[in-house]
Amino acid sequence: GTQARTFVIMGPMTAPVIFGVLITWILVVATFSHVNASPLVIPFPQPRSFGRPGLKHATLYGAVLHKAKHIEVWRQSFEKNTSTPIHSHDSEEVFVGLDGKGVLKYWHDDKRRVVEVSVGKDMTWSVPPKVRHQIVGTSAAPPLLFVVTFNNPPMKATTYQSWEPSDAGKLSFPYLFDRGGGDDNDNDNEL
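Caption draft 1: A look at the nonpolar core. In this structure, W74, F95, L104, W125, I135, F146 and F177 are the most contacted members of the largest nonpolar core, which totals 23 residues. Every element with two or more residues in this core is listed here: strand 3 (71–78), strand 6 (101–108), strand 7 (113–120), strand 8 (123–127) and strand 10 (144–151). Broken down by element, this core gets its largest block of residues, 4 residues, from strand 10. By size, the runner-up hydrophobic cluster in this structure holds 7 residues, among which are A58, L60, A68 and V73.

Caption draft 2: Inspection of the pairing of strand 2 (residues 55–61) at higher detail. Among the 7 residues of strand 2, 6 are classified as buried, and the element is accordingly described as predominantly covered. Judged from the 6 bridges that link them, strand 2 and strand 3 form a sheet pairing that is antiparallel. Across the sheet, residue T59 finds its bridge partner in strand 3, namely W74.

Caption draft 3: Region of interest: the side chain of T149. Mapping T149 onto the fold places it in strand 10. Residue classification places T149 among the buried residues on the basis of a relative accessible area of 3%. A distance of 2.9 Å separates a polar atom in the side chain of T149 from the backbone oxygen of E72.

Rules behind the numbers
Residues numbered from 1 in each chain as written. Predicted model: local features only at pLDDT ≥ 70, side-chain atom pairs only at ≥ 80, totals over all residues. Heavy atoms only, no water. Core = buried A, V, L, I, M, F, W, Y, C linked by side-chain atoms within 4.5 Å. Buried < 20%, exposed > 50% of the residue type's maximum accessible area, 1.4 Å probe, protein only. Helix = DSSP H or I, 4+ residues; strand = E, 2+ residues; numbered from the N terminus. Pairing = 2+ DSSP bridges. Polar contact = N/O pair within 3.5 Å; in protein donor to acceptor, adjacent residues only side chain to side chain.

This is the structure:
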């Protein structure tokens, strides 16, 4: 099975340092992705709820919106008790916590159970490809706020009704955030 190797790095300066490294890496990849093209400067879009109360999502750099070939970058916030569905995907994700607190839940094949790890401001965490996981906001004010980047865009996620390995899940493609819309009338139970 897939062995979960989730890493959480903490420290008072970790998030700003990792965020700077992440932005540098994004710029390098974006530069090589746009050979013989002009640099791309994108204003932050207005975050939207996509019909999911407590969620705010903005695609900062993406395959569908910006023709990204190698990585995608999202900014998301989760109010208290707001979560992603249980899901997995073929992409590796790296999160940089900017504010608030939350919990990363993931299925650990070796332990045959769900593991929970606290995440939040000044922390960086990663989720390897094909690991079933969920992010839950646990702080009321401020909400959990992070930037997440992943490879192999656009996102192809499989959502699950349970943590049970027998739950085959449902593939979601094109993904909710890549289908347009995004206002409070777009109710969808996907990521």
